[in-house]
Number of protein chains: 2
Amino acid sequence: MDIVESLRQILPVEQISTQPDELEVVSQDESTLPGVTPLAVVWALNADEISKIVKLCYENATPITTRGAGSALEGSTIPLENGIVLDLSRMNRITNFWPEDLQVKVEPGIIYDNLNDQLKRDGLFFPPSPGGSGDVATVGGMVSTNASGIYSVKYGGTREYVLALEVVTGTGEIIRLGNRAIKRSSGYSLVELIAGSEGTLAVISSITIKLAGLPEDRLQTAYKFKNETDAARAVSEMRRYGLDLAAIEFLDRRLMAALNQLKNYGLEEVPALFLEFHGPRPVLESNSELVESICFELGAEKLELADGQRPWEVRHDATDAVKHYKPGYSIIRNDVAFPISRLPEMVAYCHELSDQHDITMFTFGHVGLGLLHALMLARQDNKTEWNAAHDISNRIIEKTIELGGTISGEHGIGLGHKDLFAKEHGAAVELMRKIKRQFDPKNILNPGKIFDV
Amino acid sequence: MDIVESLRQILPVEQISTQPDELEVVSQDESTLPGVTPLAVVWALNADEISKIVKLCYENATPITTRGAGSALEGSTIPLENGIVLDLSRMNRITNFWPEDLQVKVEPGIIYDNLNDQLKRDGLFFPPSPGGSGDVATVGGMVSTNASGIYSVKYGGTREYVLALEVVTGTGEIIRLGNRAIKRSSGYSLVELIAGSEGTLAVISSITIKLAGLPEDRLQTAYKFKNETDAARAVSEMRRYGLDLAAIEFLDRRLMAALNQLKNYGLEEVPALFLEFHGPRPVLESNSELVESICFELGAEKLELADGQRPWEVRHDATDAVKHYKPGYSIIRNDVAFPISRLPEMVAYCHELSDQHDITMFTFGHVGLGLLHALMLARQDNKTEWNAAHDISNRIIEKTIELGGTISGEHGIGLGHKDLFAKEHGAAVELMRKIKRQFDPKNILNPGKIFDV
């Protein structure tokens, strides 16, 4: 009996499909990588079902690619053609809530924004917002890629919020990791090991996370700088003074130009920092005054718009500005992170490469964390252009590694940046392989992602 | 040739000793556990020497217990009689410093206070202060136990500060883990895995850590509560409002009595919270006002002392108050952590057990992190008393696990709490064993600590 038939025997009919339209949906993620059609898609509703499914696949050595919303950006959720997709989007409940401890236990398929909508009533939220995709991204996917977002400067990335996990290993065993203590020195940090492992070590069936109190108030400001060096220095100074900032977003001079093209903002085409403060009003006012004095001392000016428009409206238009800059072009993404002092050098290097190859590029990111996204525009049907953009991307990554940085600050490795992974990690990759074999001896959990076993 | 002779061949004479007085020093840590005399103590000066030593021990299957300052509290650095002690206290330099990135690279033997003295010039510090032992504890030891301290409420524990490590595995291979990016989604979190592994996975030869800016200003306050429930609720409320507190320390009513005995403070014998704020003056004043209103709403009063003494002087006397409470008694320690809402229940349970068995006990801790230390006084030569205290300790741990907490919040497992480790971690212990074998196939790195292989 083949694996699909075996799965049909253990699952209700509405929890398995081989329909072409449904397979089409799960064949891809949000990357530009080509999709792959799996043998079947199955929906699990609880850990026991996941365990049964994994056990069957273990017996048959069938690859399993676990999927939440499919909003991954590096192919982490693209399946194998001889494998199945394990879709957890129907496991979307809050199963426990301890408001007095600022903790919640959820199923992996719960959508980020839905979770926060439910927490709002109690004045709480789960902070590491996955950028603009909070309306689709699942908490399970966020844990799997150690996702972060604009507020991670203040609140940290997803990994720092995970207290406990229930997981199913590659043999189908259900194991509980961690507990509800928020500080621990008790054995190896397996919770942290699973977070960010992109579904290659275990399937996550339950997640206990810390929460934060909703900020009493918010304040947004923005400053324009003469150059990238001054902007980077401002960020260092803010961190050195221990100032409490919720978001520190950088937009390069080119993105300012794209914003002018999109909406005729009339912005000066120089780099800018967009800042957000969370807290009680008097606290955030004190903080923002101190930040302003740092910016002014570095020769920055307040970014002000005509007609009473607020500067953060500009920031929110950044993605659209890139998307609509050249109709018919696809976006090639980069997701590097490095020590903040290297920001001017990195931005200059990115601009130099894109000029050399005549590729349109914008750089921006959560620079409070040293994260920089270099977005390039290229046409898939123009091979020279398409390859040039990918070549530039690789050179940016190589430069990042030289500067002591990482290939991926928040998107994960998936298939997209696998080829340069060993360059970042060297001999440590072999240790990762050995660890993977302990969790997944037959290499059936999302095989081929991050590195080859 | 025996292992000691072999080591003498590869090490300069001043880097190996079998002198009884020197073996005596490294036979123990700061726990009350009995010391064990090793075959020899060796001092390494760099990663290559560590590698050579480990390779020799690997060939001879000789246990290695790595030691910094020996200030561990649970026997993590007590050696084996057929093993050697690898002392890293002579590897105590800062090897790189990037003040603009708030990062530093150090050798593992550098002492916490020495590091901070050197960073002070640049207005920076390494925050996770290991309680009162900062003048002896090494950064390597802090990483190995994932140490924390009173300021970890604001700044986090040691693990959150480690960006990169150079380690020597159990076969003598030198491997670099991590890099200088402060947010990463690139493969398995091996840096985090080594942090807290108590020397059982690898010997750490170099550590790159994040730093924080020295607070511009500090403010200390203290409040007395009618009972533990109100104190715990106050902590929840402060966290829910996202208030920026550097320290939230709890002292139970019994410790207040001990303080009165020590110095005749005339304190009301009710539980108290000691709070510290870091930041620019206007920010911390706003924060402390909000904290005060939370405390007052819960019926608390300001803790005020006669003669203009500052309440935090009382807090600093807590350890002495316990030490001198009953001359000739030893301290039996506990280091549990649990969800903050269970604080009243846990304190009541601790008091009930100690009353039942007529054992003197004090509870206090970094309650902002849910950490509670229960300190008992017992005489080593009074078997009934000594055993009763250990029995109480085990029951407190068991209760903690029931409440979703951990055996060790910040001291580590070592030998002291090994017997209850599986109760906390269940089937996950087998995964830890498997991981240990990948790093240390012959089980020569601090064997017998945390769990048995």
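Quick caveat, the model's predicted, so the values are computed rather than measured.

What to know about the sheet that holds strand β4 (residues 84–87) of chain A
Residue and element names in this part refer to chain A.
- Ordered in space as β1-β2-β4-β3, the four strands form an open sheet in which the pairing is mixed. At either margin of the open sheet sits one strand with a lone partner, and together these are β1 (16–17) and β3 (64–67).
- Here β1 runs beside strand β2 (residues 40–43); their pairing, made up of two bridges, is antiparallel. Within β2, the residue paired with Ser-17 across the bridge is Val-41.
- Contacts from helix α3 (residues 47–60) reach β2, β3 and β4 within the one sheet, and its direction differs from that of β4 by about 170°.

Here's the deal with the side chain of Thr145(A)
- Tracing the backbone through its elements, the reader meets Thr145(A) in helix α5 (residues 139–145).
- If near-sequence neighbours (up to four positions away) are discounted, Thr145(A) is found in contact with Gly196(A), Glu198(A), Glu410(A), His411(A) and Ser185(B).

Re the interface of chain A and chain B
- Counting from both sides, the interface comprises 82 residues of chain A and, opposite them, 83 residues of chain B.
- For the chain A and chain B pair, buried surface summed over both sides reaches about 6,600 Å², with 57% attributable to carbon and sulfur atoms.
- When the buried surface of chain A facing chain B is broken down by residue, Lys183(A), Tyr188(A) and Arg240(A) rank first, second and third, together holding 14% of it.
- The interface formed by chain A and chain B includes two salt bridges.
- On the surface where chain A and chain B come into contact, there are 35 residue pairs in polar contact (both at pLDDT 80 or more).
- Going through the elements one at a time, β9 (174–178), α7 (190–194), α8 (228–240), α10 (281–297), α15 (421–425) and α16 (428–439) of chain A are the ones with two or more residues in the side of chain A that touches chain B.
- Here the side of chain A that touches chain B gets eight residues from one element, more than from any other, and that element is α16(A).

Quick look at the sheet that holds strand β8 (residues 162–169) of chain A
All names here are of chain A.
- One open sheet accounts for five strands, arranged β5-β6-β10-β8-β9; its pairing is antiparallel. Bordering the open sheet on either side are β5 (94–98) and β9, each of which pairs with just one other strand. When the angles between neighbouring strand axes are averaged without regard to direction, this sheet yields 15°.
- By the bridge criterion, four bridges tie strand β6 (residues 103–106) to strand β10 (residues 202–210) in an arrangement that is antiparallel. The partner of Lys-105 across the bridge, within β10, is Thr-208.

Examining the nonpolar core
- Counting residues in hydrophobic clusters, the biggest one holds 238 residues, and the most contacted among them are Phe126(A), Met238(A), Leu273(A), Phe126(B), Met238(B) and Leu273(B).
- In this view, Leu273(A) contacts Thr221(A), Ala222(A), Tyr223(A), Phe225(A), Ala231(A), Ala234(A), Val235(A), Met238(A), Ile248(A), Glu249(A), Phe250(A) and Val367(A); residues no more than four positions away in its chain are not counted.

Side note on unusual backbone geometry
- Phi is positive for Asn264(A), close to 55°, though the residue is something other than glycine.
- Locating Asn264(A) in the fold gives a position in the loop between α9 (253–263) and β14 (272–279).

Focus: helix α13 (residues 343–356) of chain B
Residue and element names in this part refer to chain B.
- Spanning 14 residues, α13 covers 20 Å between terminal C-alpha atoms, matching the ideal 20 Å at 1.5 Å per step.
- Those residues of α13 lying buried are Leu-343, Pro-344, Met-346, Val-347, Tyr-349, Cys-350, His-351, Leu-353 and Ser-354.
- Immediately downstream of α13, the backbone of Asp-358 shows phi near 55°, a positive value.

What to know about helix α1 (residues 3–10) of chain A
All names here are of chain A.
- Within the span of α1, buried status applies to Ile-3, Val-4, Ser-6 and Leu-7. Taken around the axis of α1, the buried residues stretch over an arc of 160°, which confines them to a single face.
- Those residues of α1 that are buried lie in contact with β1, β2, α3 and β4.

So, the pattern of salt bridges
- For the structure on display, the rule yields 46 salt bridges over all chains.
- Between Lys154(A) and Asp244(A) there is a salt bridge; the shortest N-O distance is 3.0 Å. Placement of the pair is Lys154(A) in helix α6 (residues 152–155) and Asp244(A) in the loop between α8 and β13 (247–251), with a sequence separation of 90 residues.
- Judged by relative accessible area, Lys154(A) falls into the partly exposed class, the value being 27%.
- We classify Asp244(A) as buried; its relative accessible area is 16%.
- A salt bridge links Glu385(B) to Arg379(B); the shortest N-O distance between them is 2.7 Å.
- On the basis of relative accessibility, which here comes to 12%, the residue Glu385(B) falls in the buried class.

Quick notes on the relation of the copies chain A and chain B
- Superposing chain A onto chain B takes a rotation of 180° plus a shift of 0.0 Å along the axis, which leaves an RMSD of 0.0 Å. On this basis, the relationship between the two copies can be described by a two-fold rotation axis. Minimal C-alpha distance to the rotation axis in chain A is attained by Val283(A), lying at 2.5 Å.
- Residue by residue, 100% of the interface of chain A is reproduced at the interface of chain B, so both copies engage with the same surface.

Observations concerning the confidence of the model for chain A
- Taken over all residues, the pLDDT of chain A has a mean of 94, while the share at 70 or more is 100%.
- Scoring the predicted complex yields pTM 0.96 and, for the interface, ipTM 0.96.

So, empty space enclosed by the protein
- Tallied over the entire structure, the rule returns five cavities of 30 Å³ or more.
- In this model, the second largest cavity occupies a volume close to 60 Å³.
- Of the residues assigned to the lining of the second largest cavity, the class counts are seven nonpolar, three polar and three charged.

Notes on the packing of aromatic side chains
Residues and elements named next belong to chain B.
- All told, the structure shown has 16 aromatic pairs over all chains when counted by the stated rule.
- Both rings, one in Phe-274 and one in Trp-312, keep their centres 6.1 Å apart while their planes meet at 85°; by these two values the pair is edge-to-face. Placement of the pair is Phe-274 in strand β14 (residues 272–279) and Trp-312 in helix α11 (residues 311–316), with a sequence separation of 38 residues. Note on accessibility: Phe-274 and Trp-312 belong to one class, buried.
- For the pair Tyr-325 and Phe-362, a centre-to-centre distance of 5.2 Å together with 85° between the ring planes defines the contact as edge-to-face. Taken together, the residues span a long stretch of sequence, with Tyr-325 in the loop between α12 (318–323) and β16 (330–332) and Phe-362 in strand β18 (residues 360–365) at a distance of 37 residues.
- By relative accessible area, which is 25% here, Tyr-325 ends up partly exposed.

About the cut-offs
Residues numbered from 1 in each chain as written. Chains lettered and ligands numbered in written order. Predicted model: local features only at pLDDT ≥ 70, side-chain atom pairs only at ≥ 80, totals over all residues. Heavy atoms only, no water. Pairing = 2+ DSSP bridges. Helix = DSSP H or I, 4+ residues; strand = E, 2+ residues; numbered from the N terminus. Contact = heavy atoms within 4.5 Å. Axes fitted to C-alpha atoms, helices over the stretch in contact; angles between N-to-C directions. Buried area = accessible area lost by both parts, 1.4 Å probe. Salt bridge = Lys/Arg side-chain N within 4 Å of Asp/Glu carboxyl O. Polar contact = N/O pair within 3.5 Å; in protein donor to acceptor, adjacent residues only side chain to side chain. Core = buried A, V, L, I, M, F, W, Y, C linked by side-chain atoms within 4.5 Å. Buried < 20%, exposed > 50% of the residue type's maximum accessible area, 1.4 Å probe, protein only. Expected span 1.5 Å × (residues − 1). Arc of directions from axis to C-beta. Least-squares fit on C-alpha atoms with pLDDT ≥ 70 in both. pLDDT = per-residue confidence, 0-100. 1 Å grid on protein atoms, 1.4 Å probe; cavity = no way out; pocket = protein on both sides within 12 Å on 5 of 7 lines; lining within 4 Å. Points joined across faces, edges and corners; volume = space filled by probe spheres on them. Nonpolar A, V, L, I, M, F, W, Y, C, P; charged D, E, K, R; others polar. Phe/Tyr/Trp six-rings, centres within 6.5 Å; stacked < 30°, edge-to-face > 60°.

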